[in-house]
Amino acid sequence: MKKKLKVSDLVEAFKLELICEKANLERLITVSDLNRPGLEMAGFFTYYPKERIQILGKTELTFINGVSSDIRRERMDRLADEETPCIIVARDLEIPEELLQIACLKKIPILRTSLNTTRFTSKLTNYLEAQLAPTITMHGVLVDVYGVGILITGSSGIGKSETALELVKRGHRLVADDAVEIRQTADDALIGTAPELIQHLLEIRGVGIINVMTLFGAGAVRIHKKITLAIQLEMWDKDKNYDRLGLEEEKIKVIDTHLPMLTIPVRPGRNLAVIIEVAAMNYRLKRMGYHAAQEFAVRLSEAIEDDAD
Amino acid sequence: MIKKIVTVKLKNGLHARPAALFVQEANKFSADIFVEKDEKKVNAKSIMGIMSLAINPGSELTIIADGNDEEQAVISLSALLSKSE
């Protein structure tokens, strides 16, 4: 799922000056890449990335002001393509008359900022990447246990929220209960947050909705957290084989990223919070280079070889 | 799997109490049920998920059910949303 980003959102976020009032601000921005049309100003339109936002800085404008009005008009006409979401001029520079006329006619927004081109470009790239990142909402609970972002999933009523409560009581942090908004950043990291309306809230059957921040303090919650481990809770099924060794690693795909996943069977008498705490610590240990199961497998095979001698 | 688009007629939309009723109803079925609003999809059996959508009267929802009793689930849940008192 991709969010729809309009030019008007951009105008608001960066307080851009709209030059031609009639322009269509409902145009959609679909890519996070930008373009500084330097070669295009010189007439080379072969690889013109027209779907991108075009940014005109001092270099481009100085160059185009140096050519004759006819050529300027022709190039501006090609620059203001039907597909181009908007054209932004940096440094509060003067806008060529030809560009204004053409863009107004085509209703393509011409915007202006007082920032210099490089600064504005980097700010805009950050903003676009955050806004256009693919997102989904997942049913589950997101907690931060010893610094590991754990997404607890499982069917309704299995005890996800109760486990989260126990974890919070043990000093860990709640990010989101029941609905987790997950965004995939440019470097394939998954960042989870709570929908604003239910931030800090936890629903415990029989008690109702509680506010974890007011009950346990600001240290018990987090606004967002990178998800590194998924834990699936499920009813104990005696016919199913659960991992007894920890040598295999299961994966779950969220958006386009693969997360390591553990399946933990739920049965009366199993303290899930402790199990999740241990899973988090074990995950950190593995990251630091110590893999208990593998280490043991090596020891076992050595013992077997010794015996054979 | 079946899908149905429903317009919410409840006077206050899906406020806390109606949301609780809705989730209670959804939990009676064994099918997996989801509610989608403006491209946001949540589990219909989770009260926090449903409330996070802040469903207002007049909004259009898609109910998606998958499982043995999917048809009854969609019928009874859409009836609940279409009630106007």
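This structure is a prediction, so every number in the text was calculated from the model and none was measured.

In this complex, chain B contributes 14 residues to the contact, which on the side of chain A involves 17 residues. Buried surface at the junction of chain B and chain A, both sides included, amounts to about 1,200 Å², of which 63% is carbon and sulfur. Between Lys40(B) and Glu181(A) there is a salt bridge, and its shortest N-O distance comes to 2.9 Å. At the level of secondary structure, the elements contributing two or more residues to the side of chain B that touches chain A comprise strand S3 (40–43) and helix H2 (47–52) of chain B. A per-element tally of the side of chain B that touches chain A places H2(B) first, with 5 residues. Residues of the side of chain B that touches chain A, tallied by class, amount to 5 nonpolar, 5 polar and 4 charged.

The next subject is the sheet that holds strand S2 (residues 17–18) of chain A. Two orientations exist for strands paired in a sheet by backbone hydrogen bonds: parallel and antiparallel. Residue and element names in this part refer to chain A. Spatial ordering of the open sheet is given by S2-S7-S6-S5-S4, a layout of 5 strands whose pairing is mixed. Edge strands, defined here as strands with exactly one partner in the open sheet, are S2 and strand S4 (34–35). Where strand S6 (residues 87–89) and strand S7 (residues 110–112) come together, 3 bridges link them in parallel fashion. Note on S7: the bridge partner recorded for Val89 is Arg112. The strands touched by helix H6 (residues 117–132) are S4, strand S5 (53–56) and S6; relative to S5, the strand with the most contacts, the crossing angle is about 165 degrees.

This part covers the state of the cysteines. What we call a disulfide is simply a covalent bond connecting the sulfur atoms of a pair of cysteines. All names here are of chain A. The tally for this structure, following the rule as stated, stands at 1 disulfide over all chains. For Cys20, the disulfide goes to Cys104, at an S-S distance of 1.9 Å. Between Cys20 and Cys104 the sulfur-sulfur dihedral comes to about 130 degrees; the bridge is accordingly right-handed. Pair noted here: Cys20 is in the loop between S2 and strand S3 (28–29) and Cys104 is in helix H5 (residues 97–106), with a separation of 84 residues, a long-range link. Classification of Cys104 as partly exposed rests on a relative accessible area of 21%. Summary of cysteine pairing: Cys86 is not part of a disulfide, and the nearest cysteine sulfur, belonging to Cys20, is at 13 Å. Classification of Cys86 as buried rests on a relative accessible area of 0%.

Per-residue pLDDT for chain B averages 89, and the proportion of residues at 70 or more is 98%. Reported confidence for the predicted complex is 0.84 by ipTM and 0.78 by pTM.

Time to look at the sheet that holds strand S19 (residues 257–266) of chain A. Residue and element names in this part refer to chain A. One open sheet accounts for 6 strands, arranged S11-S9-S10-S17-S19-S18; its pairing is mixed. Of all strands in the sheet, those with a lone pairing partner are strand S11 (173–176) and strand S18 (250–254), marking the two edges. Taking the axes of each pair of neighbouring strands and ignoring which way they run, one obtains an average angle of 35 degrees across the sheet. As defined by bridge partners, strand S9 (residues 141–145) adjoins strand S10 (residues 148–153) across 5 bridges and the pair is classed as antiparallel. Each bridged residue has a counterpart across the sheet, and for Asp144 the counterpart in S10 is Gly149. Helix H9 (residues 272–287) contacts S9, S10, strand S17 (229–235) and S19 of the sheet and is inclined by roughly 135 degrees relative to S10.

All names here are of chain A. Tallied over the entire structure, the rule returns 5 aromatic pairs over all chains. Here the aromatic rings of Phe14 and Phe120 are separated by 5.5 Å at their centres, their planes lie at 75 degrees, and the arrangement is edge-to-face. Taken together, the residues Phe14 in helix H1 (residues 7–14) and Phe120 in helix H6 connect sequence positions 106 residues apart. As far as the burial class goes, Phe14 and Phe120 line up, both buried. Members of the aromatic cluster, each reached through a chain of ring pairs, are Phe14, Phe120 and Tyr127. Stacked on the ring of Trp236, the Lys or Arg Arg267 has its end atom at 3.7 Å from the ring centre.

About the thresholds
- Residues numbered from 1 in each chain as written.
- Chains lettered and ligands numbered in written order.
- Predicted model: local features only at pLDDT ≥ 70, side-chain atom pairs only at ≥ 80, totals over all residues.
- Heavy atoms only, no water.
- Contact = heavy atoms within 4.5 Å.
- Buried area = accessible area lost by both parts, 1.4 Å probe.
- Salt bridge = Lys/Arg side-chain N within 4 Å of Asp/Glu carboxyl O.
- Helix = DSSP H or I, 4+ residues; strand = E, 2+ residues; numbered from the N terminus.
- Nonpolar A, V, L, I, M, F, W, Y, C, P; charged D, E, K, R; others polar.
- Pairing = 2+ DSSP bridges.
- Axes fitted to C-alpha atoms, helices over the stretch in contact; angles between N-to-C directions.
- Disulfide = S-S within 2.5 Å.
- Buried < 20%, exposed > 50% of the residue type's maximum accessible area, 1.4 Å probe, protein only.
- pLDDT = per-residue confidence, 0-100.
- Phe/Tyr/Trp six-rings, centres within 6.5 Å; stacked < 30°, edge-to-face > 60°.
- Lys NZ or Arg CZ within 6 Å of the ring centre and 35° of its normal.

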